[in-house]
Amino acid sequence: MNENENRQPRNKRGRPNAYYTRILPNMKKIEEQLRNGATEKQVAHNIGVSTAVWKWHKKRQEYFRNKCFHAREALVQELRGKLISKAMGFEYKETEIIEKAGDKGVETITKTIIKQALPDVAALNLALKNYDKDNWSNDPAMLDIKKAELKLKQKAAENNW
């Protein structure tokens, strides 16, 4: 971050700039909320900035734009990982606490069970459609049509040159 970007210009009159008074001081809070799935509109409202001001500063301040992008990118990467693990199946621990009343009082028993989540067909379908677009489609005939259309467009482009 540029050191001058962190300070508000001193020789300006009028209302303080929202970037220096509301956005920069709350940058960690903004990143955290974006990583947790909040929309930019929700985050702007939470820090007391209108969406128009948010967009204006995001357009002009590279540091702010990059922070928003990287926070959102971290969320997307985490979601991709969850989708892949859901598609392939995974192991998880389930803990059960049982309380039994006995002669000596209440006895607590903790039981930990390792379970296997089966692969999810919907997650498999979505992952394959996104990661192997050439071979997976809802309509294979449409895929062939699009490939043929692309070849025709390429030939037309070559003829125009």
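Everything numeric in this text was worked out from a predicted model, so none of it was measured.

In this section: the overall build of the chain. Broken down by element type, the chain carries 7 helices and 2 strands. What you see for the chain is a C-alpha radius of gyration of 27 Å, clearly larger than the 15 Å of a compact globule of 161 residues, by over 25%. Each principal axis of the C-alpha distribution contributes one length, and for the chain these read about 80 × 60 × 25 Å. Classification of the 161 residues of the chain by burial places 18% in the buried group. In the chain, the share of contacts with a sequence separation of at least 24, taken over all contacts with a separation of at least 6, comes to 47%. Looking at charge distribution, the chain has the averaged site of its 32 positive side-chain charges lying 11 Å from that of its 21 negative ones.

This part is about the nonpolar core. Counting 17 residues, the largest nonpolar core has Tyr19, Ile23, Ile30, Trp54 and Phe64 as its most contacted members. If you list the elements that add at least two residues to this core, you get helix H1 (18-23), helix H2 (27-35), helix H3 (40-47) and helix H5 (62-88).

Residues Ile84, Met88 and Tyr131 make up a contiguous nonpolar surface patch of about 330 Å² in total accessible area. Relative to the assigned elements, Met88 resides in helix H5.

Quick look at H2 now. Each α-helix winds once per 3.6 residues, and so residues spaced three or four apart point in a common direction. Among all positions in H2, only Met27, Ile30, Glu31, Gln33 and Leu34 are buried. Projected down its long axis, H2 shows its buried positions confined to an angular sector of 165°, all on one face. The inward-facing, buried residues of H2 contact H1, H3, helix H4 (51-60) and H5. Gly37 occupies a position one or two residues after H2 and carries a positive phi of about 100°.

Further remarks concern the pattern of salt bridges. Considering all chains together, one arrives at 5 salt bridges under this definition. Residue Lys58 is joined to Glu40 by a salt bridge in which the shortest nitrogen-to-oxygen separation is 2.5 Å. On the criterion of sequence distance, the pair formed by Lys58 in helix H4 and Glu40 in helix H3 is long-range, its members being 18 residues apart. The class of Glu40 is partly exposed, set by a relative accessible area of 24%. Through salt bridges with shared partners, a single ionic network connects Glu31, Arg35 and Lys67.

Basis of the calculations
All residue numbers refer to positions counted from 1 along the written sequence of the respective chain. Given that the model is predicted, a residue must reach a pLDDT of at least 70 before its local features are reported, and side-chain atom pairs must reach 80 or more before they are shown or counted; all residues, however, enter totals for whole chains, interfaces and linings. Derived side-chain values reflect all non-hydrogen atoms in the structure, with water molecules and hydrogen atoms excluded from consideration. Put simply, DSSP H or I for four residues or longer makes a helix, DSSP E for two residues or longer makes a strand, and each gets a number counted from the N terminus. Taken over C-alpha atoms, the radius of gyration is set against a globule rule of 2.2 Å times the number of residues to the power 0.38. Summary of the burial criterion: residues with accessible area below 20% of their type's maximum are buried, those above 50% are exposed, and those between are partly exposed, where the area comes from a 1.4 Å probe applied to protein chains only. Note on contacts: a residue pair qualifies if any of its non-hydrogen atoms lie within 4.5 Å across the two residues. When charges are counted, neither His nor the chain ends are considered; positive counts come from Lys and Arg and negative counts from Asp and Glu. By convention, the point assigned to a charge is CZ for Arg, NZ for Lys, CD for Glu and CG for Asp. Throughout, nonpolar core names a set of buried Ala, Val, Leu, Ile, Met, Phe, Trp, Tyr and Cys residues whose side chains join them through atoms within 4.5 Å. Grouping into patches uses exposed residues only, defined as over 30% relative accessible area, and leaves out salt-bridged ones; the cut-off is 9 Å for like charges and 5 Å for nonpolar side chains (Val, Leu, Ile, Met, Phe, Trp, Tyr). Using a 1.4 Å probe, accessible areas were evaluated by the Shrake-Rupley method; residue-level cover was limited to the displayed protein chains. Each salt bridge in this description consists of a side-chain nitrogen of Lys or Arg and a carboxyl oxygen of Asp or Glu lying within 4 Å of one another. Think of the arc as the fan of directions from the helix axis to the C-beta atoms.

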